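Listed below are the residues making up each chain.
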Amino acid sequence: AKTEFMETPFPPPRLGVWRMRSSASTAVITIVAYEPYGEGGMEVAVESTDSQGQDSKWGYATMFDGVFREVTGQRDAETAVEILDDWTTRITNRKDGRVHQVIVSVLSGDRNTLSNGAVHLDEDGDIVRVTHAEYDRVQQAFREFPATRSRRRVWRWDQSFRPLPGRHTRCPRG
């Protein structure tokens, strides 16, 4: 089968597969896959296994416009994502209509680490705890190709990219 490509003059920094490392987390393993979605958006798929061996899978799509969208795999959950600057996004999580968590996610200068600070809120919107997790890139979704006639580097997204075959399941689009 022929591979289809999306070309871009630079690699979108978050696309690919990431693995969480955090001593504060109860999760034994958490894998996050970011893929292109629509015109300028991103689809997020998460798989984790907790310390009791319980697996969970969930995901969402965002256009980075701050609009709440359904989270698949979590009942009555929605997520809104906004770009704060070239390196930082704010992720707001809502359950049963109430914001319960706000995450600020910062991409490192080498684009291989995501540092997430999460504020957890109670029913009144008061902070009950703050957590931190870091994610290391484990798979790059883009490849660099030789300079074209314009002498610019070209990065291509392999549309057949499927992170972690046999383990990762894509969340539904739309």
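Residues numbered from 1 in each chain as written. Predicted model: local features only at pLDDT ≥ 70, side-chain atom pairs only at ≥ 80, totals over all residues. Heavy atoms only, no water.

Sorry if this is basic, but what is going on with the pattern of salt bridges here?
Side-chain pairs of opposite charge can arise where the charged atoms are in close proximity. Taken as a whole, this structure holds six salt bridges when the rule is applied. Ionic pairing is found between E78 and R94, a salt bridge with its closest N-O pair at 2.8 Å. One end of the pair, E78, is in strand β7 (residues 77–85); the other, R94, is in strand β8 (residues 88–95), with 16 residues separating them in the sequence. Residues joined by salt bridges that share partners form a network here, namely R21, E134 and D136. (Salt bridge = Lys/Arg side-chain N within 4 Å of Asp/Glu carboxyl O. Helix = DSSP H or I, 4+ residues; strand = E, 2+ residues; numbered from the N terminus.)

Where do I start with unusual backbone geometry in this structure?
Excluding glycine, a negative phi dihedral is what most residues carry, and trans is how most peptide bonds are arranged. A positive phi angle, close to 60°, is found at F64, a residue other than glycine. Within the secondary structure layout, F64 lies in the loop between β5 (55–62) and β6 (69–70). The backbone of D96 shows a phi angle near 55°, a positive value even though the residue is not glycine. With respect to the element layout, D96 can be found in the loop between β8 and β9 (98–107). A relative accessible area of 57% means that D96 is categorised as exposed. (Buried < 20%, exposed > 50% of the residue type's maximum accessible area, 1.4 Å probe, protein only.)

Got a minute to help me understand the side chain of T30 in this structure?
The topology assignment puts T30 in strand β3 (residues 27–37). Assessed through its relative accessible area of 7%, T30 is described here as buried. In this view, T30 contacts W18, R19, M20, V46, E47, S48 and Y135; residues no more than four positions away in its chain are not counted. (Contact = heavy atoms within 4.5 Å.)

Can you help me understand the environment of D76 in this one?
Mapping D76 onto the fold places it in the loop between β6 and β7. Considered as a pair, D76 and G97 are 21 residues apart in the sequence and their alpha carbons are 7.7 Å apart. Sequence-distant contacts of D76, defined by excluding residues within four places in its chain, comprise R94, K95 and D96.

Any chance you could explain the packing of aromatic side chains here in plain terms?
The description of an aromatic ring pair uses the distance of the two centres, along with the angle that the planes make with each other. In the structure shown here, the tally under the stated rule is one aromatic pair. Here the basic side chain of R94 rests over the ring of F68, its NZ or CZ set 3.6 Å away from the ring centre. (Phe/Tyr/Trp six-rings, centres within 6.5 Å; stacked < 30°, edge-to-face > 60°. Lys NZ or Arg CZ within 6 Å of the ring centre and 35° of its normal.)

Before we go on, may I ask you to explain the nonpolar core in this structure?
Burial of nonpolar side chains together is a common tendency in soluble globular proteins. Counting 20 residues, the largest nonpolar core has Y34, V44 and Y135 as its most contacted members. If you list the elements that add at least two residues to this core, you get β2 (16–21), β3, β4 (41–50), β7, β9, β10 (113–121) and β11 (127–140). (Core = buried A, V, L, I, M, F, W, Y, C linked by side-chain atoms within 4.5 Å.)

Function-wise, these values are silent; they only describe arrangement.
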